[in-house]
Amino acid sequence: MIICKSAAEIEKLRRCGKLVRDLLEEAREQVRPGVTTLELEAFVERRLKQAGAKPAFKGYRGYPCCLCASVNEQIVHGIPSDRRLNEGDIVSLDLGVIIDGYYGDAALTVPVGAISEPLKRLLRVTEESLYLAIDQVRLGNRLGDVSSAVEEYVVRNGFSVVREFVGHGIGRQLHEEPQIPNFGSPGYGPVLKEGMVFAIEPMVNVGSPAMRVLDDRWTAVTVDGACSAHFEHMVAVTRNGPDVLTRL
Ligand code: MF3
Ligand code: CO
């Protein structure tokens, strides 16, 4: 069952969305060559405490940290470590928060110093595919319209979408129905109704879409070793079109 939220609940989720977005922006400013992903984790953990919010990921199925920090060929769920970021790397930062029993979840991929033109294009295409999906979050559309918007744009630009991980409904739980794949067919799937709230999160690879999980049981990496990017927003279905709850 896809839960439709009241206007009051959407305002609670907007608060979560704003916090997660603000903290990701602050974390983005900490990214530079020489910084470790564990330093980013420590920064985010401190800022979460100061804000009086709880981390959504720490302890979720045993995940050890507040932040996921996935570097280069790491797709998602990179565990913060003493790995130092190098000039030319990209790092995907994914953060979840809980305020008052409601969840916020967002992600973005950040360049470390100057990056190559192909990587700039990967970041641009991945973020644009998310915005095209968001534009499909309209009353009467179907979930397949959202999913296919990502796939169509990514494939047209010569990249590939990861199929093993999906976006999700979000509310009083981090993961609610429905699952939101980054591929699909227009005109298929559940009809979008007022008050549905989605976390849409394209994961886009430069090369093959194939992925595997490292021995740490979390870090998902590309099989071919090529780079991957990840952007995520929370979006509510309203009478007036998509309402992005993680907008700056
Ligand atoms: N944004 C991801 C998701 O929605 C991050 C989950 S990390 C985990 O699934 F540790 F919580 F699993
Ligand atoms: Co998510």
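Before reading on, note that the structure itself is shown above.
Here we summarise the structure given alongside this text. Each chain carries its own residue numbering, running from 1 in the written order of its sequence. To read the labels, note that chains go from A and ligands from 1, taken in the order they are written. Only residues with pLDDT of 70 or above have their local features reported here, since the model is predicted, and side-chain atom pairs are shown and tallied only from 80 upward, although totals for entire chains, interfaces and linings are computed over all residues. Side-chain calculation: all heavy atoms of the structure are included, whereas hydrogens and water are not.

## Some thoughts on the overall build of the protein chain
Here a helix means four or more residues in a row that DSSP labels H or I, a strand means two or more in a row labelled E, and each is numbered from the N terminus. Assigned secondary structure in the protein chain consists of 4 helices and 15 strands. Counting only C-alpha atoms and orienting by the principal axes, one finds that the protein chain spans roughly 45 × 45 × 30 Å. The buried label goes to any residue with under 20% of its type's maximum accessible area, the exposed label to any with over 50%, and the partly exposed label to all in between, with areas taken from a 1.4 Å probe on protein chains only. Put simply, the protein chain has 248 residues, and 54% of those count as buried. The contacts of the protein chain with a sequence gap of at least 6 include a subset with a gap of at least 24, amounting to 71%. Summed over its atoms, the accessible surface of the protein chain is roughly 10,700 Å², and 50% of this surface lies on carbon and sulfur atoms. In this tally, Lys and Arg are treated as positive and Asp and Glu as negative; His is ignored, and so are the chain termini. Here the site of a charge means NZ on Lys, CZ on Arg, CG on Asp, or CD on Glu. In the protein chain, which carries 29 positive and 33 negative side-chain charges, the distance between the mean positions of the two groups comes to 3 Å. Here, residues are in contact when the closest pair of their heavy atoms is within 4.5 Å. Using the Shrake-Rupley algorithm and a 1.4 Å probe, accessible areas are obtained, with residue cover drawn only from the displayed protein chains.

## Details of the packing of helix H1 (residues 7-30) against helix H2 (residues 37-51)
Axis definition: a line fit to C-alpha positions, over the contact stretch in the case of helices; interaxial angles, taken between N-to-C directions, run 0 to 180 degrees. The geometry of H1 relative to H2 is characterised by a closest axis approach of 10 Å and an angle of 145 degrees between their N-to-C directions. Judged by the sense of rotation from one axis to the other, the crossing of H1 with H2 is right-handed. On H2, the residues that touch Leu19, Leu23, Glu26, Ala27 and Gln30 of H1 are Leu40, Phe43, Val44, Arg47, Leu48 and Ala51. The nonpolar class holds Ala, Val, Leu, Ile, Met, Phe, Trp, Tyr, Cys and Pro. Asp, Glu, Lys and Arg form the charged class, and all remaining residues, Gly among them, are polar. Here the residues of the contact of H1 with H2 are counted per class, giving 8 nonpolar, 1 polar and 2 charged. Note: crossing handedness is left-handed where the near helix turns anticlockwise from the far helix by less than a right angle, and right-handed where it turns clockwise.

## With respect to the pairing of strand E8 (residues 176-180)
Relative to E8, strand E7 (residues 167-169) runs antiparallel, the two being bridged by 3 bridges. Of the residues in E8, the one forming a bridge with Gly167 is Ile180. A pair of strands counts as paired when DSSP detects no fewer than two bridges linking them. Taking the residues between adjacent antiparallel strands as the criterion, E7 and E8 are bridged by 6 residues.

## A look at helix H3 (residues 117-134)
Helix span, as expected, comes to 1.5 Å for every residue beyond the first. Taking 1.5 Å as the rise per residue, H3 with 18 residues should run 26 Å; its terminal C-alpha atoms sit 26 Å apart, in good agreement. Those residues of H3 that sit buried are Leu119, Leu122, Leu123, Val125, Thr126, Ser129, Leu130, Ala133 and Ile134.

## Structural notes on the coordination of the cobalt ion (ligand 2)
Ligating atoms shown are N, O and S within 2.8 Å of the metal, or 3.2 Å for Na, K and Ca, and water is not included, meaning a site may look less than complete. Distances from the cobalt ion (ligand 2) to its protein donors, namely Asp105 (OD), His168 (NE2), Glu201 (OE) and Glu232 (OE), fall within the range 2.0 to 2.2 Å. Taken together, the 6 donor atoms coordinating the cobalt ion (ligand 2) and their angles of 66 to 172 degrees define a geometry best described as irregular. Spacing between the donor residues of the cobalt ion (ligand 2) along their common chain follows D-x62-H-x32-E-x30-E. Of this pair, Asp105 sits in strand E5 (residues 102-111) while His168 sits in strand E7, and the two are 63 residues apart along the sequence. The exposure class assigned to Asp105 is buried, which follows from its relative accessible area of 2%. Tetrahedral means four donors with every angle between 85 and 135 degrees, whereas square planar (four donors) and octahedral (six donors) require angles over 155 degrees between opposite donors and between 65 and 115 for all others; sites fitting neither are termed irregular.

## Looking at the pattern of salt bridges
Whenever a carboxyl oxygen of Asp or Glu lies within 4 Å of a side-chain nitrogen of Lys or Arg, that contact is scored as a salt bridge. Tallying each qualifying case throughout the model produces 15 salt bridges. Between Arg14 and Asp243 there is a salt bridge whose closest N-O contact spans 2.9 Å. With Arg14 in helix H1 and Asp243 in strand E15 (residues 241-244), this pair connects stretches of sequence that are 229 residues apart. Take Arg14: its relative accessible area is 26%, and that puts it in the partly exposed class. Judged by relative accessible area, Asp243 falls into the buried class, the value being 19%. The partner of Arg47 in a salt bridge is Glu26, and the shortest N-O contact between them spans 2.5 Å. Within this pair, whereas Arg47 is found in helix H2, its partner Glu26 is found in helix H1, the two being separated by 21 residues in sequence.

## Regarding unusual backbone geometry
Residue Glu177 is joined to Pro178 through a cis peptide bond whose omega torsion reads 0 degrees. Within the secondary structure layout, Pro178 lies in strand E8. Look at Arg61: it is not a glycine, yet its phi comes out positive at around 50 degrees. You can see Arg61 is positioned in the loop between strand E1 (54-55) and strand E2 (67-71).

## Remarks on the site of ligand 1
Here a residue is considered near a molecule or strand provided that any single heavy atom belonging to it is located within 4 Å of it. Around ligand 1 lies a shell of 13 residues, among which Asp94, Asp105, His168, His175 and Glu232 are the nearest. Between ligand 1 and Glu201 there is a distance of 3.1 Å, counted from an oxygen atom to a side-chain nitrogen or oxygen. In protein, a polar contact requires one atom able to donate a hydrogen and another able to accept it; more generally it is a pair of N or O atoms within 3.5 Å, and residues adjacent in sequence count only if both atoms are side-chain atoms. In this structure, Glu232 approaches ligand 1 through a side-chain N or O atom, which is 3.1 Å from a nitrogen atom. Relative to its unbound accessible surface of 330 Å², ligand 1 loses 94% to contact with the protein. Along the lines of polarity and charge, the residues of the shell around ligand 1 split into 6 nonpolar, 3 polar and 4 charged.

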